[in-house]
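Observations on the model geometry
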Amino acid sequence: PDKHRPKYDASLEMNRVNIKVEKRQYRDVVRTLDFFGNFERMSRYNQFRPKVSVLADPRAWWAFAITCVTWERSQAVGARFDRKKLFRLMLLFPRYARLYKRRFAPLLSLPPLSEEDETAVRSLEDQLPIEAIAATREAVHRVVRKAEATA
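None of these values were measured; they are calculated from a predicted model. (Residues numbered from 1 in each chain as written. Predicted model: local features only at pLDDT ≥ 70, side-chain atom pairs only at ≥ 80, totals over all residues. Heavy atoms only, no water.)

Here we come to the overall build of the protein. For the protein, the count of helices and strands is six helices and zero strands. Along the protein, from the amino end to the carboxyl end, the secondary structure elements read α-α-α-α-α-α. If you line up the protein on its principal axes, its C-alpha atoms span 65 × 55 × 35 Å. Counting across all 151 residues of the protein, residues that qualify as buried make up 17%. Put simply, 54% of the contacts in the protein that link residues at least 6 apart link residues at least 24 apart. On the protein, roughly 13200 Å² of surface is accessible, and the fraction owed to carbon and sulfur atoms is 58%. (Helix = DSSP H or I, 4+ residues; strand = E, 2+ residues; numbered from the N terminus. Buried < 20%, exposed > 50% of the residue type's maximum accessible area, 1.4 Å probe, protein only. Contact = heavy atoms within 4.5 Å. Areas by Shrake-Rupley, 256 points an atom, 1.4 Å probe, with all protein chains shown as cover.)

Okay, the nonpolar core next. Among the nonpolar cores identified, the biggest contains 15 residues, and Leu-92, Tyr-96, Leu-99, Val-121, Leu-124 and Leu-128 are the most heavily contacted of them. If you list the elements that add at least two residues to this core, you get helix H3 (83–101), helix H5 (115–127) and helix H6 (130–150). Per element, the largest residue contribution to this core is five residues, and it comes from H3. In this structure Tyr-96 touches Val-121, Leu-124, Glu-125, Leu-128, Ile-133, Thr-136 and Arg-137, once residues within four positions along its chain are discounted. (Core = buried A, V, L, I, M, F, W, Y, C linked by side-chain atoms within 4.5 Å.)

A few words now on a nonpolar patch on the surface. The grouping of Leu-12, Met-14, Val-17, Ile-19, Val-21, Tyr-26 and Val-30 at the surface amounts to a nonpolar patch, some 700 Å² of accessible area in total. Structurally, Leu-12 can be placed in the segment before helix H1 (23–45). (Patch = residues over 30% accessible without salt bridge, like charges linked within 9 Å, V, L, I, M, F, W, Y side chains within 5 Å. Salt bridge = Lys/Arg side-chain N within 4 Å of Asp/Glu carboxyl O.)

Despite not being glycine, Ser-109 shows a phi value in the positive range, around 55°. Here Ser-109 shows up in the loop between helix H4 (105–108) and H5. Residue Ser-109 is classed as exposed on the basis of its relative accessible area of 69%.

With that settled, the discussion passes to the packing of aromatic side chains. Within the structure shown, the criterion is met by five aromatic pairs. Between Phe-35 and Phe-39 the ring centres are 6.4 Å apart and the planes differ by 25°, which places this aromatic pair in the stacked class. Highlighted residues: Phe-35 and Phe-39, both in helix H1, separated by four residues, approximately one helical turn. The pair formed by Phe-35 and Phe-39 is uniform in burial state, with each residue classed as exposed. An angle of 25° between the planes, with centres 5.8 Å apart, marks the rings of Tyr-96 and Tyr-100 as stacked. Placement of both Tyr-96 and Tyr-100 in helix H3 is noted, with a separation of four residues, approximately one turn of the helix. (Phe/Tyr/Trp six-rings, centres within 6.5 Å; stacked < 30°, edge-to-face > 60°.)

Turning our eyes to something else, we now look at the side chain of Thr-136. You can see Thr-136 is positioned in helix H6. The class for Thr-136 is buried, based on a relative accessible area of 12%. Those residues in contact with Thr-136 that sit more than four places away from it in its chain are Tyr-96 and Ala-97.

In the structure shown here, the tally under the stated rule is eight salt bridges. Among the salt bridges present, the one from Glu-22 reaches Arg-24, with a minimum N-O distance of 3.4 Å. Classification of Arg-24 by relative accessible area gives partly exposed; the value is 45%. For Arg-137, the salt bridge is made with Glu-125, and the minimal N-O distance between the two is 2.5 Å. With Arg-137 in helix H6 and Glu-125 in helix H5, this pair connects stretches of sequence that are 12 residues apart. Within the structure, one salt-bridge network assembled from shared partners comprises Arg-16, Arg-103, Glu-115, Glu-118 and Arg-122.

So this is what it looks like as structure tokens:
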């Protein structure tokens, strides 16, 4: 057997996967994403980080902080604020919320989603940031829970 070649080769294609997670699991996923975000940020500045402790050389750490801020600002100059993109996203959020809410049509006395609407939801999910999708879904789930409680 060759150690550099996989023993099995598999291929999997899926159009859509629905996963139900508990609030605790959702929080764990968000924390994991936060960790990776922090790790990415820390590794970005690692090139400037002093090799000594803060107590051993506080001046080097102040220089590190100043260098990080100035480097970040110099990088931000290239990244322009795109008002058109922001405005477009602001228009997509309410539409996504309305369509996603219709997935719970029987509970909320709404018309069910058509195939065209499902395609629109998938398209919106491709365009919107994951944080916005998660926040919108959480808001819709609160409405659904309230409707279930009153039903």
